[in-house]
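Now for the letters of each chain:
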Amino acid sequence: MSGPSSYEPGTAIERWLDARLPIIRFSVDLMDFPTPKNLNYWWTFGGILAFCLASQIVTGVILAMHFDPTGAGAFLSIEHIMRDVNYGWLIRYIHADGAFLFFLAVYIHMFRGLYYGSFKAPREVLWLIGCLIYLAMMATAFFGYVLRWGQMSFWGAKVITSLFGAIPFVGPSITTWLLGGFAVDSPTLNRFFSLHYLLPFVIAALVVLHIWALHVPGNSNPVGVNVKGKSDTVPFHPYYTVKDGFAIVLFMILMAVFVFYQPEAMMGADNNIPANPIVTPPHIVPEWYLLPYYAILRAIPNKLMGVMAMGGAIACIFALPWLDRTKVRSMRYRPQARIYFFFFCAACVILGFCGAHEVDDKVINGLAPITFLDADLNSYVWVSRLGALYYFAYFLVILPIVLPMTETPLPVPESISTPVLSHPAAAPAGAPAAPEKKG
Amino acid sequence: MLRKILALAAILGFAVAAPALADTGQPPLKHIAWSFSGPFGGYDQEQLQRGFKVYREVCSQCHSLKLIAFHDLGEPGGPFWDPKYKTANDNAYVKAIAAEFKVPDIDPDTGDPIQRVATTADSMPPPYANEIAAKATLGGSPPDMSMLEKAREGGANYIYSILTGYTTAPAGVTVPAGKYYNPFMLGGIIAMPPPLVAGRVTFDDGKPSTLDQEAQDIAAFLTWASDPHMEQRKQMGLAVMVYLLVFAGLLYASYRRVWRNVAH
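As the structure is a prediction and not an experimental result, all values here were calculated from the model. (Residues numbered from 1 in each chain as written. Chains lettered and ligands numbered in written order. Predicted model: local features only at pLDDT ≥ 70, side-chain atom pairs only at ≥ 80, totals over all residues.)

(A) Seen up close, the overall build of chain A. In terms of regular secondary structure, chain A is built from 14 helices and four strands. Classification of the 439 residues of chain A by burial places 40% in the buried group. (Helix = DSSP H or I, 4+ residues; strand = E, 2+ residues; numbered from the N terminus. Buried ≥ 20, exposed ≤ 12 C-beta atoms within 10 Å, placed from the backbone.)

If you want it as structure tokens, here you go:
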């Protein structure tokens, strides 16, 4: 996609095809793509995510063959898959457990980008497309969660769609339009099913753009300095196919632990109760990967402001390339930014904890209440507020204002090949670096 | 790397499990060393048979088991599985059990609603025709039991704890008329009268019919009803794990070999 092509059509038919549809040239260049040689294991999550998307689509297409997208039939058809369809339990558990592992991988991928400054020029568009993929993933996951049509599916759908009701003037109309009626019911389920089948292909298309946008500037790398020449890179194949392949298999082992031994560990017991519009479950909690946003939403007593804060939290991620303008990419050479970054990770995890609790629950039991403004300081609502405050401060104050004024980045190495190498070459310099062509 | 992922997964798992832990005022569930716990655990077939008897003689008076068909009882891992029959539909026990039940149907000649003898393909008939009928007789609608083990936090331990947990209400707790006190129930008040007492079910294999035994057996049976493919799942899991670990080892060796001449 960038740089000269190394492909030489060998046979007459290859030359014929190359002049008409250079698909072999495209594939060869894709595999030959010069990739920085210092990528660490955090960089394998791109490949892992491709595997996740592929496995979700394959298992999802099979599940759709047996699924009945109606209020009366959805829950039972999933039990039919679990009990009567040959290996239906396997397909469904790979799909359901795969969904949360997909999010685990995407969060690691995003935090990697955050830490190593992968979003900085010239990779802003790459980052924006990634953000769009993340948004589409959240929508897809939410629709998929509703399809189970258990208690949490039903009440989760009610809570999430009612968020749109907070928009002034048009909110209630939008909610009715989303639901296909005045309440969550069969039409809601049916349209969510349609969208749940559509969006993964939108994601796949965005992934193609994401990879395209990656191949124009090339990969960033842990040191954060640009590739200076051929000595800094290795061809993608076999160097990174084998490394990503190894990481994908490790990820599959983690997946197998869940699928075969703890398949329901990440699914609430409540969602195994069929949806019942007249019984509200005691705790309505979204899936864990949405909990930090849920905590931000509930930290603010006003519903519209809460929804705006939640939207703002996502908007910050989109705007990141224009918020953090420090030239040094990698936080390896940004000692202060690194500390703020780890606090940011902690804030996200703490917000996740808060999202899983009722706002009025006490953080530490047995303390006398100290009311500040509207709530006890020792309650999850105040912890959420502090977490949300840091979340926004990180994006809007620390990265764009505080760090440029206070931080002196450490000296950055001249090139990728300069820093002390953790894995020196076995053969002396100058040995052919193409093991695939040797015995 | 994997350790970090697992640690992260554990943290996230705790974040999800935390609300369950935060519920105060309830005693912790009683824990039983089930035959089916752990990565190699499977069902104890005799226990499932005893549990089925408890379901049939006690629970089925009020609770349905709609997702279980008679042939399920004879599928691999089920209470009456017998490898000498080619399919569960040929299983003599299963056929005999089905023949003891009547299910509603439509007369193919007249179109009239009729009751006919069940076949192995039929689901277990519910005790009440619908929720309203159950409410009219019992004052409430008991949940279907097919998914009970998966639909309650704590699973089999929860079912066992409820069944053996009935006690007199502590001072200060008023139990409404027709209800019972059970500390393992959310809120402590339960509508179901104590269903099991010692001697309630006579076991065919001579096991003493204690409350503890009955409760363990029905909890095990309901675990099977919720998760009939558990044994198949764990067996396949072992093969998949061995395969993936060997594959990972080979890939790591390839990785080291491919990269050995590249300083990085």
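(B) A look at the overall build of chain B. A count of helices and strands for chain B gives seven helices and four strands. Written out in order from the N terminus, the α and β elements of chain B read α-α-α-β-β-α-α-β-β-α-α. Taken over the C-alpha trace, chain B has a radius of gyration of 24 Å; the compact-globule value for 264 residues is 18 Å, which it surpasses by more than 25%. Summarising its shape, the C-alpha atoms of chain B cover approximately 80 × 60 × 40 Å along the three principal directions. (Rg over C-alpha atoms; globule rule 2.2 N^0.38 Å.)

(C) Molecular detail of the nonpolar core. Within the largest apolar cluster, 103 residues are counted, with the highest numbers of intra-cluster contacts made by A:Ile48, A:Ala105, A:Val146, A:Leu147, A:Ile296 and A:Leu351. When residues of this core are sorted by domain, at least three fall in each of domain 1 (37-275) and domain 2 (285-409) of chain A. Setting aside residues no more than four positions away along its own chain, A:Ile296 makes contact with A:Ala309, A:Met310, A:Ala313, A:Leu351, A:Ser384 and A:Ala388. Core analysis: the second largest hydrophobic core is formed by 44 residues, B:Ala151, B:Tyr160, B:Ile218 and B:Ala219 among them. (Core = buried A, V, L, I, M, F, W, Y, C linked by C-beta atoms within 7 Å. Domains from an automatic or database assignment. Contact = placed C-beta atoms within 7 Å.)

(D) Geometry of the domain arrangement of chain A. Residue and element names in this part refer to chain A. As far as domains go, chain A holds domain 1 (37-275) and domain 2 (285-409). Domain 1 and domain 2 are separated by 23 Å when their C-alpha centres are compared. With 23 residues of domain 1 at the interface, the matching set in domain 2 holds 19 residues. Looking at the side of domain 1 that touches domain 2, the elements that each hand over two or more residues are α5 (88-116), α6 (124-147) and α7 (151-164). The element that contributes the greatest number of residues to the side of domain 1 that touches domain 2 is α6, accounting for seven residues. Taken together, the residues of the side of domain 1 that touches domain 2 break down into 17 nonpolar, four polar and two charged. (Nonpolar A, V, L, I, M, F, W, Y, C, P; charged D, E, K, R; others polar.)

(E) Inspection of helix α3 (residues 92-99) of chain B at higher detail. All names here are of chain B. Among the residues making up α3, those that are buried are Val-94, Ile-97 and Ala-98. Along the axis of α3, the buried residues cluster in a sector spanning 100°; they form a single face. In α3, the exposed residues that point more than 90 degrees away from the buried face are Ala-92 and Ala-96. (Arc of directions from axis to C-beta.)

(F) Structural detail: the confidence of the model for chain B. All names here are of chain B. Of all residues in chain B, 91% attain a pLDDT of 70 or more, and the chain-wide mean is 91. Mean pLDDT values for the elements of chain B range from 47 in helix α1 (residues 2-22) up to 98 in helix α6 (residues 211-226). Note on residues 13-24: pLDDT is under 50 here. Beyond four places in sequence and across chains, it has 19 contacts. Taken together, the chains of this predicted complex give a pTM of 0.92 and an interface ipTM of 0.90. (pLDDT = per-residue confidence, 0-100.)

(G) Representation of helix α12 (residues 303-323) of chain A within the structure. All names here are of chain A. Of all the bends in α12, the greatest reaches close to 45° and is centred on Ile-317; the proline Pro-321 follows between one and four positions later. For α12, every residue scored as buried is listed here: Val-307, Met-310, Ala-313 and Leu-320. Its buried side turned inward, α12 meets α6, α7, α11 (291-299) and α14 (380-406). (Bend = angle between axes of the 7 residues up to and from the residue.)

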